[in-house]
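# Descriptive structure summary
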Amino acid sequence: MNLFRKKKKVVEEATFKSRVNEFWVWWAENADWIRESVDQDGGAAIQPTITEQVNRLGSGFAWVLGPHPEGKEQGHSFTLSPDGMLNYLFLTSYWLEHAPSIKGWHFYSSRQPSLELDGCSIRVGDFQLAAKELWLTPSIDEEREEIHITAWSPIFAEIEESQAYYVLFLLLDEALGENGVSQWLGAIEIKDDRLADSFPLSELPEQVELIKKKHQWKKYPLEDSYTGYQFKNPQENAPRKDMVTLTTQNPSVTLDYYEADGALDNPIPNTGASYQFIQIPITQFPDGEQVDTRAAIEDALQESLDKQHAGRILGGGLGRQYAYIDLLLFDGQNSLDLINESLDRQEVRKYSILPFGR
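Residues numbered from 1 in each chain as written. Predicted model: local features only at pLDDT ≥ 70, side-chain atom pairs only at ≥ 80, totals over all residues. Heavy atoms only, no water.

## Description of the overall build of the protein
Of regular secondary structure, the protein possesses nine helices and 15 strands. By its C-alpha atoms, the protein is 60 × 60 × 45 Å across when sized along the principal axes. Across the 358 residues of the protein, 47% fall into the buried class. Roughly 19700 Å² of accessible area belongs to the protein as shown, and the carbon and sulfur atoms make up 47% of that amount. Charge-centre separation for the protein: the mean point of 33 positive side chains lies 6 Å from the mean point of 56 negative side chains. (Helix = DSSP H or I, 4+ residues; strand = E, 2+ residues; numbered from the N terminus. Buried < 20%, exposed > 50% of the residue type's maximum accessible area, 1.4 Å probe, protein only. Areas by Shrake-Rupley, 256 points an atom, 1.4 Å probe, with all protein chains shown as cover. Lys, Arg positive; Asp, Glu negative; His and termini not counted. Charge placed at Lys NZ, Arg CZ, Asp CG, Glu CD.)

Next up, the structure:
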């Protein structure tokens, strides 16, 4: 009778930091081969290989090969796209921050505006929609500094609504880049009214610039922008419901978690990164100095995480019971160890580190 059983090995998920490092090692080693493939057939032959490497970074990303910003003779570009999802933009930004300098290549962390918008078109089944055949009507939202858009093309009457919106957003990305769409456009609807006030998609970049200049709109890049919130009826019956104020770079995660009473699925599954928050009893902070105390803790945390490229602080909030510091962690247990060490040095004795998502 065998009383000794072989222990099963616990396979830890590779961290996003390690995945990014491995990706750049692979690209640097194969850069010339990839460039030759793109020169020969636009990259068709190497597409499965690149897709495999992107999938190793995690699910949720898209990618595209494109022109080099300094011209064809300088090589090509490669874009790792968050596919329109803010949760993933912080990951693609981290990926780009760690890109090496590789001759013949330029890298982007989101889809860029097309350099040839007039000739741009997208095929859906038997139909093809050109940028010049898509008509847009703007509506200015001065308070939110956004442009609401209604869009129409006769082709929309011939295809499913889901297909119509899919094509519409692809063409808007071609016009403004995916970050430009998120940053400057508000509500986007397919309608055939107000066509007398419309203009073709090819004129959208110019129209956006004119509106921004007229209304003196200025915004930071999405991944560097903060949004502030105040909560009128703080509660104590669910996670983070006691919050009075919140400042965040990622409303998508923080507000979704708040609205779901903490019952949120992992917003970036299978990436080796994680959205988490530190929950500190507010009684540990000197009365009247809660904001400054939390800010000092955040600065020390960010310094520790920066040294090992292990995470970034996305903001935080103050509540009746707790102070909150929101983070995106790239290096698994090492990130958590750095947080614990930093908080220990600052003599924060009671706290919890909790995930945004199950």
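## Some points on empty space enclosed by the protein
Enumeration over the complete set of coordinates arrives at two cavities of 30 Å³ or more. Roughly 40 Å³ of volume is contained in the largest cavity. Lining of the largest cavity is provided by Ile 122, Val 124, Phe 127, Gln 128, Leu 129, Ile 155, Phe 156, Ile 159 and Val 167. Elements with a minimum of two residues in the lining of the largest cavity: strand E4 (121–124) and strand E5 (127–130). The element that contributes the greatest number of residues to the lining of the largest cavity is E5, accounting for three residues. Split by residue class, the lining of the largest cavity holds eight nonpolar, one polar and no charged. Of the pockets and cavities examined, the second largest cavity occupies roughly 30 Å³. (1 Å grid on protein atoms, 1.4 Å probe; cavity = no way out; pocket = protein on both sides within 12 Å on 5 of 7 lines; lining within 4 Å. Points joined across faces, edges and corners; volume = space filled by probe spheres on them. Nonpolar A, V, L, I, M, F, W, Y, C, P; charged D, E, K, R; others polar.)

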